[in-house]
Amino acid sequence: MLFRSAVAIDILLADPPADERLLKALQNIPNLVLPCQLLPNGTWEYPLKEFSTGAAAIGHVQRPVARLSDGISREPNLEEIGKGDRRWALALEAFRLASGKTSVLESPQDLTIANTVIPAPRTDEGRMMRIRYMPEGTLPRVSVLQLIQNPSVVKDKTVFVGITDQSATRDRLESPFGPVAGVAVHQYAYETLASGEFLSPAGYGIVLIVCALFVAVPPLVFARFSLPLAYPMVVA
């Protein structure tokens, strides 16, 4: 699939007054995605009207779900609803625009954009998708200074704009490779969509086989090797 360029911003831009220079710059971006977030009362907080009027899409930036005790944010909800107003995730909207599509094709079991079928069935929690995280440094990160010095570095690319400073603790989440900035989570979600390589739960049969191996292998190792050799092998 050929992708167009798009810009997704993970900074709410909800506080007045609107900066005129920023407003003018954003108006020149054709595939611009701005963020929104759900407030505790269930309503949406949107960017200022001056900014949102020129955006191609507005996507939600709700935190992904961390189901396990390790606190890792593995599953963003691709669809959030607040007071009857539905919003797709920021990464999903960026992927749609980069794919050149005007809408998302929906079914109860999945979502489709262009030729990509996204396994995100509708449940009571929403439409959850597992993020395929990558080690730190796999995806490029460009600072403001680097962008000023060489604007062409982001030409024809899908770009996510946000705060990556370590001090921004409110916008830092856990990944399997350690803490990551919130904007990076959106980037990883986008890359999961763009690659089409989606993670799915292991079937009960596979889980049963793995558990059986954990039970059966240690006795075989101790039976075959002496204790000084077998113990490190089992522990490892």
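Higher on the page you've got the structure.
A brief look at the structure comes next.

Examining the nonpolar core
Okay, step 1: Counting 35 residues, the largest nonpolar core has L78, L92, I118 and L193 as the members making the most contacts within it.
Okay, step 2: Put simply, the parts of the chain that give this core at least two residues each are α3 (90–98), β8 (111–113), β14 (178–181) and α5 (182–195).
Okay, step 3: Those residues in contact with L92 that sit more than four places away from it in its chain are L78, V104, L111, I113, I118 and L193.
Okay, step 4: Counting residues in each nonpolar core, the second largest holds eleven residues, with L23, L32, F51 and A55 among its members.

Examining the layout of surface pockets
With a probe scaled to a water molecule rolled over the atoms, the places where space remains empty come into view.
Okay, step 1: Its boundaries defined by the atoms lining it, the largest pocket holds a volume of some 1300 Å³.
Okay, step 2: Looking at the largest pocket, it is lined by 38 residues, and the ones nearest its centre are V142, V154, V159, F160 and V161.
Okay, step 3: Those elements giving two or more residues to the lining of the largest pocket turn out to be β1 (6–9), α1 (20–27), α4 (144–149), β12 (158–161) and α5.
Okay, step 4: Looking at the lining of the largest pocket, the element that brings in the most residues is α5, giving seven residues.

A look at the sheet that holds β8
Okay, step 1: Taken together, three strands build an open sheet; the order of strands is β7-β8-β9 and the sheet is antiparallel. Two strands lie at the open edges of the sheet, namely β7 (105–106) and β9 (116–118), each paired on one side alone.
Okay, step 2: When β7 meets β8, the two strands line up antiparallel, connected through two bridges. Paired with E106 across the two strands is L111, which belongs to β8.

Considerations on the side chain of H186
Okay, step 1: Inspection of the secondary structure puts H186 in helix α5.
Okay, step 2: When residues no more than four places from it in sequence are discounted, the contact partners of H186 are D10, V61, L90, A91 and F160.

Structural notes on the packing of aromatic side chains
Okay, step 1: All told, the structure shown has four aromatic pairs when counted by the stated rule.
Okay, step 2: With a centroid separation of 6.2 Å and 70° between ring planes, the pair formed by F95 and Y190 is classed as edge-to-face. With F95 in helix α3 and Y190 in helix α5, this pair connects stretches of sequence that are 95 residues apart. Each member of the pair, F95 as well as Y190, carries the same accessibility label: buried.
Okay, step 3: Taken together, the aromatic side chains of F95, F160 and Y190 make up a single cluster linked through ring pairs.

Here is what the cut-offs are and how they apply
Residues numbered from 1 in each chain as written. Predicted model: local features only at pLDDT ≥ 70, side-chain atom pairs only at ≥ 80, totals over all residues. Heavy atoms only, no water. Core = buried A, V, L, I, M, F, W, Y, C linked by side-chain atoms within 4.5 Å. Buried < 20%, exposed > 50% of the residue type's maximum accessible area, 1.4 Å probe, protein only. Helix = DSSP H or I, 4+ residues; strand = E, 2+ residues; numbered from the N terminus. Contact = heavy atoms within 4.5 Å. 1 Å grid on protein atoms, 1.4 Å probe; cavity = no way out; pocket = protein on both sides within 12 Å on 5 of 7 lines; lining within 4 Å. Points joined across faces, edges and corners; volume = space filled by probe spheres on them. Pairing = 2+ DSSP bridges. Phe/Tyr/Trp six-rings, centres within 6.5 Å; stacked < 30°, edge-to-face > 60°.

So yeah, pure geometry; function would need other evidence.
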